[in-house]
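Given next are the chains, with one letter for each unit.
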Amino acid sequence: MEIVNRRSALALGLTMAATPLIVWATPAAPQTYGPDEGKELAPGVREIALGERASNIKAYAMVKLRDVVIQPGAKTPDNMMANDMLCHMTEGELSVVQNEKKFTVKKGEVWTCAKADTTEGTQNTSSAVAIMRVIDLMPA
């Protein structure tokens, strides 16, 4: 193994400084879906199943991952949650009404829903497609 001396450390530092930042910090491209992918839940709302696996958490038998793609102006109907879930906005933003409380979620934000205790409906009031990633925690 070679010893790193001042000269080699300086050379490495100059090389790193000359390399464009884009090489080191390129953001991930947003997920896109075709207009017919997944299952239509409502006009302008599609659900794409991404995967599922048995859970190691005793209260849950299975975890499922899905994206809900909501076109501008489209909305999901108010629903009582059939299972606990975690939601994450991966693209766009949504207006959410949860148990009569209204809030807006933007890209990168997260929120939760509780089984049989949460009624929720969403609407995309923006001009961009919204993608809500959902982790469903399926009861044992």
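Now for a look at the structure at hand. (Residues numbered from 1 in each chain as written. Predicted model: local features only at pLDDT ≥ 70, side-chain atom pairs only at ≥ 80, totals over all residues. Heavy atoms only, no water.)

### Concerning unusual backbone geometry
One non-glycine residue, N99, adopts positive backbone phi at about 50°. With respect to the helices, strands and loops of the structure, N99 is situated in the loop between β6 (93-98) and β7 (101-106). For A116, which is not glycine, the phi torsion reads 60° and is therefore positive. (Helix = DSSP H or I, 4+ residues; strand = E, 2+ residues; numbered from the N terminus.)

### Some points on the pairing of strand β5 (residues 84-91)
Bridge count between β5 and strand β10 (residues 130-139): seven bridges; the pairing is antiparallel. Counterpart to H88 in the pairing with β10 is R133. Sheet topology places β5 next to strand β8 (residues 110-113); four bridges connect them, and they run antiparallel. Across the sheet, residue M85 finds its bridge partner in β8, namely C113. (Pairing = 2+ DSSP bridges.)

### Topic: the pairing of β6
Bridge count between β6 and β7: six bridges; the pairing is antiparallel. Looking at the pairing, S95 lines up with T104 of β7. What sits between β6 and β7 in their antiparallel hairpin is a turn of two residues, with N99 showing a positive phi close to 50°.

### Observations regarding the sheet that holds strand β9 (residues 119-123)
The strands that make up a sheet pair up through hydrogen bonds in the backbone, lying either parallel or antiparallel. What the four strands build is an open sheet, ordered β4-β9-β6-β7; its pairing is antiparallel. A single partner strand is all that each edge strand has here, and the edge strands are β4 (79-80) and β7.

### Focus on the side chain of T122
Here T122 is to be found in strand β9. Within the structure, the side chain of T122 is placed 2.8 Å from the side chain of T76, a separation counted as a polar contact. For T122, the contacting residues outside a window of four places in its chain are I70, K75, T76, L94, S95 and V96. (Polar contact = N/O pair within 3.5 Å; in protein donor to acceptor, adjacent residues only side chain to side chain. Contact = heavy atoms within 4.5 Å.)

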